[in-house]
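Residues per chain are reported as follows:
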Amino acid sequence: MKSVFWSVAALLLTISGLCSGQVLIGAGATFPYPVYSQWFHDFREARPGMSVNYQSVGSGAGIRQLMAGVVDFGASDMPMTDEQLAGMKSAGLKSGLQSNVLHFPTVMGGVVPIYNLGPREYHLKFTPEILAGIFLGKIMKWNDPRICEVNPGVELPPETIRPVHRSDGSGTTFVFTDFLSKTVPEWKAGVGSGTMVKWPGGDGEKGSEGIAGRTRHSAGSIGYVELAYALRNGLAYGSVRNSSGAFVLADMNSVTAAAADVAMPEDFRVSITNAPGVGAYPISTFTWLLVPETVADPARGKALRTLLRWALTKGQAECTPLGYAPLPREVVRKEWRQIALIH
């Protein structure tokens, strides 16, 4: 049923594009939605006759819709797997248009633990073990000795902890669980990482908007969202211990630092969670636009190339005010060369 809906939506938007200009259709990650929303508005203003219709439906859904051929590009906070890339080629064989998928990092961001402990202001520190213990259901009170130990001098309430997690396929979940899998063996063995995992407990909410809303209005709750959502919603978020043993608060500098010592592969598929460096925020990530290398409609291919070039130039200047870190210059230079592959 969903595939039928998106097929009809794509057809209607394509017809609209033929009448009023070129409309690109995209879907996927909620992580970058605040910056993408601004980008696509400004892109339309700067390029009359071109526009982007982007649906913030989660990374998993964005990848599925790209593979189904109902969007021009997907968006994800995790790279596509080898199996997904192979599936994309198989789907292309059936339709007569076989294509690789190119990964384009667009911005960098951090996933932060947000919490609601009432009107009093708390500046909390979290270790990977504490975060895993909370979401495993083994740390159940805010004044648990393990939390108090890393937050000396903070008078924590004896309130029950209410974990909130994503219920939909989410790149944000992948980033959060990828970090925990790298740092806590019990988490890796029992839950693992992925866009969707089997949560031991807690409440599920759809989208980063859902987690932010639930946490904001539910006393004692803790969740995980992008730094941008925490800032936009006025949510308290904690610092997290990194691989060097330092407790680091997410901001533009600490997110950027996470990419400093990570080698970028040629296909741009890389994880930067638990990155080395004293100043690196440990739950950092790139987020990607996923674009077919081969596009059936030359006009849409040209529009995609135009959009990507705009995102890598004008778009980068809009990142910081919206809570995202711009891309390193060397990454932008490599991506610029990759744009020429779209045909």
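Model, not experiment: these values are computed from the prediction.

Each value, and the rule that gives it
Residues numbered from 1 in each chain as written. Predicted model: local features only at pLDDT ≥ 70, side-chain atom pairs only at ≥ 80, totals over all residues. Heavy atoms only, no water. Buried < 20%, exposed > 50% of the residue type's maximum accessible area, 1.4 Å probe, protein only. Helix = DSSP H or I, 4+ residues; strand = E, 2+ residues; numbered from the N terminus. Pairing = 2+ DSSP bridges. Salt bridge = Lys/Arg side-chain N within 4 Å of Asp/Glu carboxyl O. Expected span 1.5 Å × (residues − 1). Polar contact = N/O pair within 3.5 Å; in protein donor to acceptor, adjacent residues only side chain to side chain. Contact = heavy atoms within 4.5 Å. pLDDT = per-residue confidence, 0-100.

### What about the pairing of strand β3 (residues 73–76)?
- By the alternation rule, side chains of β3 split into F73 and A75 and G74 and S76, which are all buried.
- Bridge analysis of strand β1 (residues 22–28) against β3 gives three bridges, and the strand direction is parallel. Residue G28 lies in a different strand from β3, and its bridge partner there is A75.
- Bridge count between β3 and strand β12 (residues 284–292): three bridges; the pairing is antiparallel. Bridging from a neighbouring strand, G74 pairs with L290 of β12.

### Notes on the pattern of salt bridges
- What the rule picks out here adds up to twelve salt bridges.
- For R269, the salt bridge goes to D82, with nearest N and O atoms at 2.9 Å. With R269 in the loop between α11 (252–257) and β12 and D82 in helix α4 (residues 82–95), the pair connects residues that are 187 residues apart, well separated along the chain.

### Here's the deal with helix α7 (residues 171–183)
- For α7, spanning 13 residues, the distance from its first C-alpha to its last is 18 Å, which sits close to the expected 18 Å at 1.5 Å a residue.
- In terms of burial, α7 is largely enclosed, as twelve of its 13 residues are buried.
- For α7, every residue scored as buried is listed here: G171, T172, T173, F174, V175, F176, T177, D178, F179, L180, S181 and T183.
- Measuring from the backbone nitrogen of T172 back to the side-chain oxygen at the start of α7 gives 3.0 Å, which picks out S170 as the cap.

### What to know about helix α2 (residues 33–46)
- In this model, α2 (14 residues) spans 19 Å end to end at C-alpha, consistent with the 20 Å of a helix rising 1.5 Å per residue.
- All of the buried residues along α2 are P34, V35, Y36, W39, F40, D42 and F43.
- In the core, the buried residues of α2 are packed alongside β2 (50–56), β3, β4 (101–115), α10 (227–232), β12 and α12 (298–312).

### Description of the confidence of the model for the protein
- Here the protein shows a mean pLDDT of 90. Residues at 70 or above account for 92%.
- Overall, residues 1–20 carries pLDDT values under 50, and its contacts beyond four positions in sequence, including any with other chains, amount to 16 contacts.

### Examining the pairing of strand β8 (residues 221–226)
- Summarising burial for β8: six of the six residues are buried, a large majority.
- Two elements, β4 and β8, share five bridges in a ladder whose sense is antiparallel. Directly across from I114, in β8, lies its bridge partner G223.
- Pairing of strand β6 (residues 162–166) with β8 involves two bridges; the strand directions are parallel. Bridging across to β8, R162 finds its partner in S221.

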